[in-house]
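Examining the three-dimensional arrangement
Listed below, chain by chain, are the residues.
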Amino acid sequence: MEIGTALASLAAIIVAVTVLGVYLRSRDGRITVTAPTGTVVDPAEIGLARFADGATLVQFSTATCARCPGVRRLLSALAADEAGIVHVDVDLTHRVDLASRFGIMQTPTTLVIASDGSIRARIAGTPTLDAVREHLAALRTEQHVSSSRY
């Protein structure tokens, strides 16, 4: 192989990896809203007696996760500030079954679970405090609207 061809191939690989990295980084911490599917999570699966009245933030972590402690502090502080919100940290190191059940591919991953046990959102990576607050406010409004219809 000629040196020019090798350098061109190397440059193409560097560009492709950079584009992929930027794309993956842009998705980190994004809240993906999920419509209720009829699947209900049993609170006992994650060590709870029942879910919070507002929402339960279930963070999936591992012992080797570098970003998990920061997300844990952020979500714990948010739960302490907001009425009806509870934060639970589940260590997947000893609960591989939950990783399979909920499709956890990276840590931290946080599920927002409504009081009825339905998964309302998934956050892969490190969320921003404002984004989580906005989603919780929208969830409260939605629950208030849907409960006022009856």
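Not measured: the values here are computed from a predicted model.

Observations regarding the state of the cysteines
Within the structure shown, the criterion is met by one disulfide. The side chain of C65 participates in a disulfide bridge whose partner is C68; the two sulfur atoms lie 2.1 Å from each other. The sign of the S-S torsion, about 90°, decides the handedness of the disulfide formed by C65 and C68: right-handed. We note that C65, like C68, is buried.

Quick word on the pairing of strand β4 (residues 109-113)
When you tally the buried positions in β4, you get five out of five residues, the bulk of the element. Side chains T109, L111 and I113 project from β4 onto one buried face, and the interleaved T110 and V112 project onto a second face that is buried too. The pairing of strand β2 (residues 55-61) with β4 spans five bridges and is classified as antiparallel. If you follow F60 over to β4, its bridge partner there is T109. As judged from the five bridges shared by β4 and strand β5 (residues 119-124), these two strands associate in the antiparallel manner. For T109, the partnering residue across the bridge sits in β5 and is A124.

Thoughts on unusual backbone geometry
Residue P108 is reached from T107 by a cis peptide bond, and omega for that bond is 0°. Inspection of the secondary structure assignment puts P108 in the loop between α3 (96-102) and β4.

Thresholds applied
Residues numbered from 1 in each chain as written. Predicted model: local features only at pLDDT ≥ 70, side-chain atom pairs only at ≥ 80, totals over all residues. Heavy atoms only, no water. Disulfide = S-S within 2.5 Å. Buried < 20%, exposed > 50% of the residue type's maximum accessible area, 1.4 Å probe, protein only. Helix = DSSP H or I, 4+ residues; strand = E, 2+ residues; numbered from the N terminus. Pairing = 2+ DSSP bridges.

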